[in-house]
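# Reading the structure
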Amino acid sequence: MPNMQRRSDALAVLLVTLLLAVVLPALLDPFRLNLIGKYLSFGFVAVGIVLTWGYGGVLSLGQGMFFGLGGYMMAMFLKLEASAPELPDFMVWSSVEQLPVWWQPFHSLGWTLFALLLIPAVLAYVFSYAIFRKRVSGVYFAIVTLSLALTLTVVVIGQQGDTGGANGITDFRTLLGWDILSDTAKRTMYFIEVAAMVLVMMISLAIVRSRFGKILIAIRDREDRVRFSGYDTAHMKAFVFAVAAVLSSIGGAFYSLQVGLIAPGVIGVVASVEMVIYAAVGGRLSIPGAVVGALLIGFLKSYLSEIFPEGWLYFLGAVFILVVWAMPNGLAGLTDHFPWQRKARAAQS
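Bear in mind that the values here come from a model prediction, so they are computed numbers and not experimental data.

### Quick word on helix α9 (residues 211-228)
A rise of 1.5 Å per residue sets the reference length of α9, with its 18 residues, at 26 Å; its end C-alpha atoms lie only 18 Å apart and thus fall more than 12% short of the reference. Of all the bends in α9, the largest measures some 125° and sits at Arg222. All buried positions along α9 are accounted for by Gly213, Ile215, Leu216, Ile219, Glu223 and Val226. Buried residues in α9 make contact with α2 (30-55), α8 (183-209) and α10 (233-259). Directly beyond the C-terminal end of α9, a positive phi value near 105° is found at Gly230.

### Here we look at a nonpolar patch on the surface
On the surface, Leu11, Leu14, Leu15, Leu18, Leu19, Val22, Val23 and Leu27 cluster together to form a nonpolar patch covering roughly 680 Å² of accessible area. Counting through the fold element by element, Leu27 comes out in helix α1 (residues 2-27). By relative accessible area, Leu27 is classed as exposed at 65%.

### So, the nonpolar core
Counting 86 residues, the largest nonpolar core has Leu20 and Ile169 as its most contacted members. The element that contributes the greatest number of residues to this core is α2, accounting for 15 residues. Contacts of Leu20, omitting those with residues within four sequence positions, involve Pro25, Leu40, Tyr190, Val194, Val291 and Leu295. In terms of nonpolar packing, the next biggest core, distinct from the first, is built from 13 residues, Ala124, Ile131, Phe141 and Ala234 among them.

### Description of unusual backbone geometry
A cis amide bond links Ala84 with the next residue in sequence, Pro85, at an omega value of 0°. Relative to the elements of secondary structure, Pro85 occurs in the loop between α3 (63-83) and α4 (89-93). The phi angle at Ser95 is positive, at roughly 65°, despite the residue not being glycine. Within the fold, Ser95 resides in the loop between α4 and α5 (109-133). Judged by relative accessible area, Ser95 falls into the exposed class, the value being 61%. Phi is positive for Asp171, close to 60°, though the residue is something other than glycine. Here Asp171 is to be found in the loop between β1 (169-170) and β2 (174-175). Look at Asp171 and you get partly exposed, because its relative accessible area is 38%.

### Thoughts on the pattern of salt bridges
Any two side chains of opposite charge can pair if their charged atoms end up close together. Summed over the entire model, instances satisfying the criterion amount to eight salt bridges. Here Arg173 makes a salt bridge to Asp171, at a shortest N to O gap of 3.0 Å. The class of Arg173 is partly exposed, set by a relative accessible area of 46%. For the salt bridge of Glu223 with Arg227, the shortest nitrogen-to-oxygen distance reads 3.2 Å.

### Quick notes on the packing of α2 against α8
The contact between α2 and α8 brings their axes to 9 Å, and the two run at 15°. Classified by the angle their axes make, α2 and α8 are roughly parallel. In terms of crossing hand, the pair formed by α2 and α8 is left-handed. Contacts between α2 and α8 involve Pro30, Leu33, Asn34, Ile36, Gly37, Leu40, Ser41, Gly43, Phe44, Val47, Leu51 and Tyr55 from the former and Asp183, Lys186, Arg187, Tyr190, Glu193, Val194, Ala196, Met197, Val200, Ser204, Val208 and Arg209 from the latter. Broken down by class, the residue content of the contact of α2 with α8 amounts to 14 nonpolar, five polar and five charged.

### A few points about the environment of Asp232
Here Asp232 shows up in the loop between α9 and α10. Note: C-alpha distance between Asp232 and Arg133 (99 residues apart in sequence) is 9.2 Å. For Asp232, the side chain forms a polar contact with the side chain of Tyr129, separated by 3.4 Å.

### Comments concerning the packing of aromatic side chains
Applying the stated criterion to the full structure yields 18 aromatic pairs. Seen in terms of ring centroids, Phe44 and Phe254 are 5.6 Å apart; in terms of plane orientation they differ by 15°. Their pairing is stacked. Here Phe44, found in helix α2, pairs with Phe254, found in helix α10; they are 210 residues apart in sequence, far enough to count as distant. Looking at Phe254, the relative accessible area reads 13%, which means it is buried. Taken together, the ring pairs in this structure connect Phe66, Phe127, Phe132, Phe141 and Phe241 into an aromatic cluster. Taking NZ or CZ as reference, Arg284 lies 5.2 Å from the ring centre of Trp53, over its face.

### Details of the packing of α5 against helix α6 (residues 139-158)
Following both chains from N to C, one finds α5 and α6 inclined at 145°, their axes separated by 12 Å at the closest point. For the element pair α5 and α6, the recorded crossing hand is right-handed. The segment α5 lies against α6, with Phe127, Ser128, Ile131 and Phe132 engaging Phe141, Val144, Thr145 and Leu148. Residue composition of the contact of α5 with α6, grouped by class: six nonpolar, two polar and no charged.

### Considerations on the side chain of Ser249
By the secondary structure assignment, Ser249 is in helix α10. Looking at Ser249, its side chain comes within polar contact range of the main-chain oxygen of Leu116, at 2.5 Å. Once residues lying within four places of it in the same chain are set aside, the contact partners of Ser249 are Phe66, Phe67, Gly70, Gly71, Met73, Leu116 and Pro120.

Cut-offs used in this document
- Residues numbered from 1 in each chain as written.
- Predicted model: local features only at pLDDT ≥ 70, side-chain atom pairs only at ≥ 80, totals over all residues.
- Heavy atoms only, no water.
- Helix = DSSP H or I, 4+ residues; strand = E, 2+ residues; numbered from the N terminus.
- Expected span 1.5 Å × (residues − 1).
- Bend = angle between axes of the 7 residues up to and from the residue.
- Buried < 20%, exposed > 50% of the residue type's maximum accessible area, 1.4 Å probe, protein only.
- Contact = heavy atoms within 4.5 Å.
- Patch = residues over 30% accessible without salt bridge, like charges linked within 9 Å, V, L, I, M, F, W, Y side chains within 5 Å.
- Areas by Shrake-Rupley, 256 points an atom, 1.4 Å probe, with all protein chains shown as cover.
- Salt bridge = Lys/Arg side-chain N within 4 Å of Asp/Glu carboxyl O.
- Core = buried A, V, L, I, M, F, W, Y, C linked by side-chain atoms within 4.5 Å.
- Axes fitted to C-alpha atoms, helices over the stretch in contact; angles between N-to-C directions.
- Parallel < 35°, antiparallel > 145°, perpendicular 65-115°, else oblique.
- Left-handed = near helix turned anticlockwise from the far one by under 90°.
- Nonpolar A, V, L, I, M, F, W, Y, C, P; charged D, E, K, R; others polar.
- Polar contact = N/O pair within 3.5 Å; in protein donor to acceptor, adjacent residues only side chain to side chain.
- Phe/Tyr/Trp six-rings, centres within 6.5 Å; stacked < 30°, edge-to-face > 60°.
- Lys NZ or Arg CZ within 6 Å of the ring centre and 35° of its normal.

Okay, structure coming up:
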């Protein structure tokens, strides 16, 4: 059974990799491929939600916070490079006379990459460990994260001189002097993003198939028994929540590179709930499925907003309800009807 499950996971990762690295680049023009890169950035968040919600039983409705952190940190570096040696334009418009101290380190790409991995991990772990130590979980934790996402959105919008306010950070064109707006650069960044996604899927699968992953599932199903066995369940849940935060931050960084801007809209409540929908549609127990879900919902969101600009949100909500009602395991649940999955279930029974 474990070997068959591993083969199934490996096949799913291979199929997703072929789709992203071979099929889509061969079929799509640079503009459409750039859109796929935008959708794929949300795939990192969806994989993190699978780890926390699907395997850890921890539902976060605030992953947009960490997505925004990564996006803003990458945008800060890009904006400083584009504005050098002057201040960023939105600071000039807000009568800011000197670059804020906390912006200074983002002159360095090395520090930026280090920060977008470290800062979300530390913030997520410290925050969630304090909550889980109080044995706050379930819907209460979801409400807390939702409130934090809303609060951070208000803060970002209110700090016009430091964050660009409601307009966000825009108008950056180069990365270490490399023109990131050209078709060649966008295609190269897309393949870098695909490589990062494949690596993330492999690491995530290694986590859930490890001893830690089995304990995480046990915590999801019967946390009290795991706690009585001597495990620090708060630490384990906080750790996987921190991993999900890092994945969200990486997705945010790729979003800034692919889209060319970052704004408070990706931090807020609506965006955070949409990120959960990606994982639910793809399958909250399937890491490759989460990536497919992000691509599918991203495509539907763009396509339907063009065809039905006033009603596409209702359709998207209906898709979510239908999937939850008819396919609780998401699109990945369709593979249960495949021959090797039936053999796996027979072996398990």
